[in-house]
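Remarks on the overall topology
So you can see what is in the structure, the chains are spelled out below.
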Amino acid sequence: MGVIQNPGDDFTIDQDWSAYTGEDHAIWRALFERQSKLLPGRACAEYLAGLQDLGVAAEGIPDFARLSDIMERATGWRIVAVPGLVPDDVFFAHLAARRFPATNWIRSPAQMDYLQEPDVFHDVFGHVPILMNPVFADYLQAYGRGGLKALSLGALPKLARLYWYTVEFGLIATPEGLRIYGAGIVSSHGESVYSLESPKPKRIAFDLLRIMRTQYRIDAFQDAYFVIENFDQLFDATGPDFTPYYARLKSMPDIAPGAGVDGDRLI
Ligand code: PHE
Ligand code: CO
């Protein structure tokens, strides 16, 4: 990418689409083709439908403005470009306004399989298709509002686990079988297979307080995944005011990433 820009108060920048090189677009296409072969039968129907409806994304790194026009018609969400991770309060304020902050840079050819920080492929290929689904779209907006509240209550570490185990690493049990909806999984070649097929991780039925007690790792495939039955379940379970939950969680011990506890229903 070209010139570094100074972000504004909301940390948004211009995507500067014309600055992407042929190599940048080729990396996107290679990642896109690899994942779109792998995901039928693995990603949930809602994600795959969103990906299909965002057809322009197959050609190369998408122009956020074009993609946003399609999303806006479907669910009222838009994508805004940011230079990388943004402060929590800024991130939540964007979500609460139905704006998804997406990094504008793309990984190098040496990073096809592994990245610690989100790039444009993770942010757009991973997060955007599922935002074409109306229920998930409402869930992520509600999460943004809830994030601002959690910040004021000092409860962000608990709420961040909910994002991790749903938005990033969520699985869904469908009549056809277990499927992926989490962005961290659908954008990862290795984890798309591991999360569904490896005998190593635990797959535990969704339980809100259990999730908010569970630590996670950012440096390797997950040791535990939480499985929802449908997006209404997720939306309804997170509807109530979390203030009393945060109070209860203060006296409940954290759970290590791969540990089991009484009451876990394994899928
Ligand atoms: N209902 C939650 C609260 O009161 C907000 C929220 C919604 C949090 C959806 C996460 C997901 O804090
Ligand atoms: Co992400």
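Residues numbered from 1 in each chain as written. Chains lettered and ligands numbered in written order. Predicted model: local features only at pLDDT ≥ 70, side-chain atom pairs only at ≥ 80, totals over all residues. Heavy atoms only, no water.

**A short note on helix α7 (residues 156–168)**
- Burial analysis of α7 places ten of its 13 residues in the buried class, the great majority of the element.
- All buried positions along α7 are accounted for by Leu156, Leu159, Arg161, Leu162, Tyr163, Trp164, Tyr165, Thr166, Val167 and Glu168. (Buried < 20%, exposed > 50% of the residue type's maximum accessible area, 1.4 Å probe, protein only. Helix = DSSP H or I, 4+ residues; strand = E, 2+ residues; numbered from the N terminus.)

**Overview of the side chain of Arg98**
- Summarising the element assignment, Arg98 is placed in the loop between α4 (88–96) and β2 (99–103).
- Using a relative accessible area of 16% as the deciding quantity, one classes Arg98 as buried.
- For Arg98, the side chain forms a polar contact with the side chain of Gln141, separated by 2.6 Å.
- Dropping the residues within four chain positions of it, Arg98 is found in contact with Thr75, Gly76, Trp77, Arg78, Ala137, Asp138 and Gln141. (Polar contact = N/O pair within 3.5 Å; in protein donor to acceptor, adjacent residues only side chain to side chain. Contact = heavy atoms within 4.5 Å.)

**Overview of the packing of aromatic side chains**
- Inspection of every chain in the model, using the stated rule, returns 21 aromatic pairs.
- On the numbers, 6.0 Å between centres and 65 degrees between planes, the contact of Tyr47 with Phe125 is edge-to-face. Of the two residues, Tyr47 is situated in helix α2 (residues 45–53) and Phe125 in helix α5 (residues 120–127); the sequence distance between them amounts to 78 residues. Of the two residues, Tyr47 and Phe125, both sit in the buried class.
- Look at Phe242 and Tyr246: their rings are 5.9 Å apart centre to centre, the planes differ by 80 degrees, and that puts the pair in the edge-to-face class.
- Chaining the aromatic ring pairs together yields one cluster made of Trp28, Phe32, Tyr47, Phe121 and Phe125. (Phe/Tyr/Trp six-rings, centres within 6.5 Å; stacked < 30°, edge-to-face > 60°.)

**Observations concerning α2**
- All of the buried residues along α2 are Tyr47, Gly50 and Leu51. Buried residues along α2 cover an arc of 100 degrees about the axis, so they all sit on one side. Seen from the buried face of α2, the exposed residues on the opposite side, beyond 90 degrees, are Ala45 and Gln52.
- If you follow the buried residues of α2, they end up packed against α1 (22–38), α5 and α8 (183–186). (Arc of directions from axis to C-beta.)

**Describing unusual backbone geometry**
- Of note in this structure, Asp16 is not a glycine but carries a positive phi near 60 degrees.
- Assignment of secondary structure puts Asp16 in the segment before α1.
- Phi is positive for Arg98, close to 55 degrees, though the residue is something other than glycine.

**Things to note about the site of ligand 1**
- Taken together, Tyr139, Ala142, Tyr143, Gly146, Lys149, Leu159, Leu162, Thr238, Gly239, Pro240, Asp241 and Phe242 make up the full set of residues adjacent to ligand 1.
- Take Gly239: an N or O atom from its main chain is 3.4 Å from a nitrogen atom of ligand 1.
- Here ligand 1 loses 94% of its free accessible area of 330 Å² to cover by the protein chains.
- The site holding ligand 1 turns out to be the second largest pocket.
- Looking at the shell around ligand 1, the elements that each hand over two or more residues are α6 (134–153) and α7.
- Considering every element that reaches the shell around ligand 1, the biggest residue donor is α6, with five residues.
- Across the shell around ligand 1, the residue classes break down as seven nonpolar, three polar and two charged. (Near = heavy atom within 4 Å. Areas by Shrake-Rupley, 256 points an atom, 1.4 Å probe, with all protein chains shown as cover. 1 Å grid on protein atoms, 1.4 Å probe; cavity = no way out; pocket = protein on both sides within 12 Å on 5 of 7 lines; lining within 4 Å. Sits in = over half its atoms within 2 Å of the grid points. Nonpolar A, V, L, I, M, F, W, Y, C, P; charged D, E, K, R; others polar.)

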